[in-house]
2 protein chains.
Amino acid sequence: MDEYDFLGDVAVAGSVDSFDRAITPFLSQAFHAKSLLAIHFHRTRLPKVLFRWIPDKTLRQLFDKRYEKLGFMVDPFFHRAFLVQDWEACLLRDIAPDRFESSEYFTNYFGDTNMVDELGFVARIDNDTAVHLSMGRNQGQRRFRTNDVVRFGQFAKILAPKLRQILINQPADDVVEAQPLDRRFHAMAQARHTNISIREAEVAALIVQGHSSRAIGLKLGISGLTVKVHRRTLYKKLSISSQNELFGLLVNYVGADA
Amino acid sequence: MDEYDFLGDVAVAGSVDSFDRAITPFLSQAFHAKSLLAIHFHRTRLPKVLFRWIPDKTLRQLFDKRYEKLGFMVDPFFHRAFLVQDWEACLLRDIAPDRFESSEYFTNYFGDTNMVDELGFVARIDNDTAVHLSMGRNQGQRRFRTNDVVRFGQFAKILAPKLRQILINQPADDVVEAQPLDRRFHAMAQARHTNISIREAEVAALIVQGHSSRAIGLKLGISGLTVKVHRRTLYKKLSISSQNELFGLLVNYVGADA
DNA sequence: CGACCAATACCACCAGAGTGGTATTTTGAG
DNA sequence: CTCAAAATACCACTCTGGTGGTATTGGTCG
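Basis of the calculations
- Residues numbered from 1 in each chain as written.
- Chains lettered and ligands numbered in written order.
- Predicted model: local features only at pLDDT ≥ 70, side-chain atom pairs only at ≥ 80, totals over all residues.
- Near = placed C-beta within 6 Å.
- Helix = DSSP H or I, 4+ residues; strand = E, 2+ residues; numbered from the N terminus.
- Nonpolar A, V, L, I, M, F, W, Y, C, P; charged D, E, K, R; others polar.
- Buried ≥ 20, exposed ≤ 12 C-beta atoms within 10 Å, placed from the backbone.
- Pairing = 2+ DSSP bridges.
- Expected span 1.5 Å × (residues − 1).
- Contact = placed C-beta atoms within 7 Å.
- Domains from an automatic or database assignment.
- Axes fitted to C-alpha atoms, helices over the stretch in contact; angles between N-to-C directions.
- Left-handed = near helix turned anticlockwise from the far one by under 90°.
- Arc of directions from axis to C-beta.
- Parallel < 35°, antiparallel > 145°, perpendicular 65-115°, else oblique.

**Structural notes on the protein's contact with DNA strand C**
Right, so step 1: DNA strand C sits among 23 residues. The nearest are S197, I222 and S223 of chain A together with S241 and S242 of chain B.
Right, so step 2: Taken together, the elements giving at least two residues each to the surface near DNA strand C come down to α9 (198–208) and α11 (224–237) of chain A together with α10 (213–220) and α11 (224–237) of chain B.
Right, so step 3: Broken down by element, the residue count for the surface near DNA strand C peaks at 5 residues, all from α11 of chain B.
Right, so step 4: Here the surface near DNA strand C is built from residues that sort into 6 nonpolar, 9 polar and 8 charged.

What follows is the structure in structure tokens.
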């Protein structure tokens, strides 16, 4: 299939469905991807997976089960989507928090384990919504190269506006509010008969997203050393003693409701 | 209910079922436990959960789903069971590998997240089988105290031989062979078109069980520094770069089959 | 008002993971 | 037998998390 045939199909696509059919076979082949997914983000609501192509059954199940409820909250693309104004194509590793890879706990948990690399774009639709499309490569495969990124960036010039156009007229059918992570941590703590401060909840949320103490400090405009203090008191209140345990609480409790 | 009533019921119990009914209500109350379980271990086969009382629904489901297939392989009680000759009552934290708690990834994954403490016994039945009973306390609760341990140890003098007696005449109905962890890692690596050495597979298995490099060295009779080398080459071959990613591979791939 | 707590900041120390080396011995396949 | 790979050992370094302190400020509640 020719590149211009592909772009022609994209141009005439009038629905998410036809868009999916136009791009999935072509992109997955052109970039040797082992997964491809498109997600409609909302700043304060649960996201909607527009379509996903994940041949590996186990991974697909994990993704379906966990991403829409909780996983998206630790997806760097989700946060990135509301930071860019127009649209942006990028590699996951370029926008991920500094400790994202070593705290693989999460990506593992949501079925991305073997995605050694992810290349995609985010595009803002309006103040509260955005759309995201990405392709993943599995372990055993090479990471995306510079020319992959460049080439994808060029496609994104067409794909991003087109997908936005399709979605802009489409009313959201799911309007389930999603509590932000810090709120969820706060609620979880109270369910455990302890009370964490607002700051501590914020820190907890950023930790599980993969930020180091230092990075959290920069983000909150406080010292990384202060973050360590919050960390300590947080752990003490939740009677845990490590980051992994915090992940565990999130997965088993914070994710349980909402 | 009186302690001697309890012991009387235990004494006359003639089946796993009646044993369960005799002990679960009493022990869970007497020790303020939030979970109680009994497992029949086999050195080379999948274990059989004799009974389990886990009121929390989420935890129960996680446990049911993952423990019997894979989780038991990283359960310190499982390994302990085949090290003691007769029987032994102990705290989980006393027999757990040194990095077991901080690499909570696993306990989280198998539904033990909130078990801040676990008290139980293991009793050998014959060369290849053993039985294990334990109670867990959740987060938010105190850990078991010395007098809890002492008291439980006294009960175990009756419970362990009794449970062994019940099981000794009971033929195993499940005879599903379970590949040891190192073998599974080896197979997983080959499925990924790479070949890890025997030593590397051993190291991988010990890592996910929660041992530090130093502890692995002591266990294998080699230097902890050598273990670090194995670790490095292992990570390189699997194209990962951290322990958490190794956990992820185990959970999503090594556990998939077998 | 005083007691208390949250939030801030900073210091020092340790353990462990991860990474970059070098070098020797053992072992197994060709 | 030879050569390459595996296994062993050791060194040095950085980064981070986790833990133990101290101290100041500002707000809240009894």
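Resuming the write-up.
**Some points on the pairing of strand β5 (residues 129–138) of chain A**
All names here are of chain A.
Right, so step 1: Burial runs high along β5: 9 of the 10 residues are buried.
Right, so step 2: One ladder, built from 8 bridges, connects strand β1 (residues 35–42) with β5; its direction is antiparallel. Residue pairing across strands places I39 opposite H132, the latter belonging to β5.

**Description of the protein's contact with DNA strand D**
Right, so step 1: Taken together, 23 residues are adjacent to DNA strand D, and S241 and S242 of chain A together with S197, I222 and L225 of chain B come closest.
Right, so step 2: Its residues assigned to classes, the surface near DNA strand D comprises 6 nonpolar, 9 polar and 8 charged.

**Remarks on α11 of chain B**
All names here are of chain B.
Right, so step 1: End to end, α11 covers 20 Å across 14 residues, agreeing with the expected 20 Å (1.5 Å per residue, within 8%).
Right, so step 2: Buried positions along α11 lie against α9 (198–208) and α10.
Right, so step 3: Of the residues trailing α11, S239 is marked for its positive phi of about 45°.

**Regarding the domain arrangement of chain A**
All names here are of chain A.
Right, so step 1: Examined at the domain level, chain A breaks down into domain 1 (3–168) and domain 2 (181–257).
Right, so step 2: A separation of 28 Å is found between the C-alpha centroids of domain 1 and domain 2.
Right, so step 3: Contact residues are listed per partner, giving 13 residues for domain 1 and 12 residues for domain 2.
Right, so step 4: Grouping the constituent residues of the side of domain 1 that touches domain 2 by class yields 9 nonpolar, 1 polar and 3 charged.

**Looking at the packing of helix α8 (residues 181–191) of chain B against α9 of chain B**
Residue and element names in this part refer to chain B.
Right, so step 1: Put simply, α8 and α9 touch, their axes get as near as 8 Å, and they point 115° apart. The two elements α8 and α9 cross, and the hand of that crossing is right-handed. Together, L181, D182, F185 and H186 of α8 and A201, E202, A204, A205 and V208 of α9 make up the contact between the two elements.
Right, so step 2: Of the residues belonging to the contact of α8 with α9, the class tally is 6 nonpolar, 1 polar and 2 charged.

**Quick notes on helix α3 (residues 57–66) of chain A**
All names here are of chain A.
Right, so step 1: Along α3, the residues that are buried comprise L59, L62 and F63. Around the axis of α3, the buried residues are gathered within 100° of arc, so they sit on the same side. The exposed residues of α3 that point more than 90 degrees off its buried face are K57 and Q61.
Right, so step 2: Tucked inside the fold, the buried residues of α3 contact β2 (48–53).

**Topic: the packing of helix α10 (residues 213–220) of chain A against α11 of chain A**
Residues and elements named next belong to chain A.
Right, so step 1: Axis separation between α10 and α11 bottoms out at 7 Å; the angle between their running directions is 110°. As summarised for this structure, α10 and α11 are arranged roughly perpendicular, according to the angle between their axes. Across the interface between the two elements, S213, R214, I216 and G217 of α10 pack against G224, T226, V227, K228 and R231 of α11.
Right, so step 2: Residues of the contact of α10 with α11, tallied by class, amount to 2 nonpolar, 4 polar and 3 charged.

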